[in-house]
Each structure stands twice: as C-alpha cells, then as structure tokens.
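# Descriptive structure summary
One-letter residues, chain by chain:
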Amino acid sequence: MSLQDKLDEYKVQFESSLPPAALAIMHRATDDLRHSGIMERVLKIGDHAPKFALPNAQEQIVNSAKLLEKGPLVVSFYRGVW
C-alpha cells in the first residue's frame, strides 16, 4: 500500500468518526483556506525552504543551515499545548 493510499484510508476512517456538524466545519475551513489563495504561496515539491532559526520544544534555537550541513532536513511543526 502506498503512502497516499494509507493517508486516504486514514482520512476516511477519521472523517467517519466525526459528528456530521464537526466534519462540515472542517471541510468549510479547508475550502476557505483553498479559496484564500494560500495554495499558490505554499512550497511545492522540489522547492527549497528559506533558511530559518527557530526555538525547538526545549526553547533551544535550531538553525536550518547548520542542520543541512549534516544532510537532508525534514521539518515538522506542531501546534504545541492543546
């Protein structure tokens, strides 16, 4: 099973577990984002992200250029405390 197949399956399972009103709100918010023009401004496959220095979960500054010196870099953002 490809990654896309797994993601599609997860989405179906997740959405089927939501109350219809909550699902409608999520879909409306997604549509609003798409119609805002944000999709034209996001990085595309093969694009290079700008260099950055940001705090990690321990409040230590992480510099992307220094990390890239060690090899490819994957950046994951999380919302923080829920």
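Residues numbered from 1 in each chain as written. Predicted model: local features only at pLDDT ≥ 70, side-chain atom pairs only at ≥ 80, totals over all residues. Heavy atoms only, no water.

## Focus: the overall build of the protein chain
The number of helices and strands found in the protein chain is three helices and two strands. The order of helices and strands in the protein chain, counted from the N terminus, is α-α-β-β-α. Its C-alpha atoms give the protein chain a radius of gyration of 17 Å, more than 25% over the compact-globule value 12 Å for 82 residues. In terms of principal-axis extent, the alpha carbons of the protein chain reach across some 45 × 35 × 30 Å. (Helix = DSSP H or I, 4+ residues; strand = E, 2+ residues; numbered from the N terminus. Rg over C-alpha atoms; globule rule 2.2 N^0.38 Å.)

## Points about the pattern of salt bridges
Enumeration according to the criterion identifies one salt bridge in this entry. Two residues, Arg34 and Asp31, come together in a salt bridge whose shortest N-O distance is 3.8 Å. Of this pair, Arg34 and Asp31 both sit in helix α2 (residues 20-35), three residues apart, which is roughly one turn of that helix. Exposure remark for Asp31: the relative accessible area of 36% places this residue in the partly exposed category. (Salt bridge = Lys/Arg side-chain N within 4 Å of Asp/Glu carboxyl O. Buried < 20%, exposed > 50% of the residue type's maximum accessible area, 1.4 Å probe, protein only.)

## Here we look at α2
The end-to-end C-alpha distance of α2, which contains 16 residues, comes to 22 Å, matching closely the 22 Å that a straight helix rising 1.5 Å per residue would cover. Downstream of α2 by a residue or two, Gly37 has a phi angle that is positive, lying close to 95 degrees. (Expected span 1.5 Å × (residues − 1).)

## Quick look at unusual backbone geometry
Positive phi outside glycine occurs at Glu59, with the angle close to 65 degrees. Tracing the sequence through the fold places Glu59 in the loop between β1 (53-55) and β2 (61-63).

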